[in-house]
Amino acid sequence: MITRREVALRLDIPLEMATRHGIPTRMGEAQLARLEEDPPAWLLQSRANRTGKKPVWVQLTCDVCGFTEAVRPKKWWPVFTYISCAHHGFDEVPEPAPGLGRTECDGIGSQFIGISDAAPSES
């Protein structure tokens, strides 16, 4: 049995949409396979409306320890040079290249810090 969240990940739909359209909290692999083989109208419409510009889910992976998590991206996230778990020290990721400044964004996923290196005029 897989969770509703995992079903949403595999169908590439928001978790809210899965809940709204009656995806149960737990589903068997066979049920999911049937859903993918013969998608309901709402799923076909959702896929038709996708522009591909913004992914529904992204996989975040810590560049230090390799911990990974699937999350819904936020509009305000910049492009990250590195992603690190919050408990890692700043000295555990490589230094920015000469001439680049560094900014850190807390609150990425459940436990990550996003690190962006950019020229001072770009940041």
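Everything below is about the structure shown above.
Residues numbered from 1 in each chain as written. Predicted model: local features only at pLDDT ≥ 70, side-chain atom pairs only at ≥ 80, totals over all residues. Heavy atoms only, no water.

**Re the overall build of the protein chain**
Check the secondary structure of the protein chain and you find four helices and seven strands. Walking the protein chain from its N terminus toward its C terminus, one meets helices and strands in the order β-α-α-β-α-α-β-β-β-β-β. Classification of the 123 residues of the protein chain by burial places 34% in the buried group. Within the protein chain, counting contacts between residues at least 6 apart in sequence, those at least 24 apart form 46% of the total. (Helix = DSSP H or I, 4+ residues; strand = E, 2+ residues; numbered from the N terminus. Buried < 20%, exposed > 50% of the residue type's maximum accessible area, 1.4 Å probe, protein only. Contact = heavy atoms within 4.5 Å.)

**A short note on helix 1 (residues 4-11)**
Within helix 1 the residues assigned to the buried category are V7, A8 and L11. Down the axis, helix 1 shows its buried residues gathered within 100 degrees of arc, on one side only. Each element contacted by the buried residues of helix 1 is listed here: strand 1 (2-3), helix 2 (15-20), strand 2 (26-27), helix 3 (29-37) and helix 4 (41-49). Where helix 1 terminates, the next one or two residues include D12, which has phi positive at roughly 60 degrees. (Arc of directions from axis to C-beta.)

**Considerations on the pairing of strand 5 (residues 82-85)**
Neither face of strand 5 is exposed, since Y82 and S84 on one face and I83 and C85 on the opposite face are all buried. Here strand 5 runs beside strand 7 (residues 112-118); their pairing, made up of four bridges, is antiparallel. Paired with C85 across the two strands is F112, which belongs to strand 7. (Pairing = 2+ DSSP bridges.)

**A closer look at the side chain of S46**
Assignment of secondary structure puts S46 in helix 4. On the accessibility criterion, S46 (13% relative accessible area) is buried. Setting aside residues no more than four positions away along its own chain, S46 makes contact with I13 and M17.

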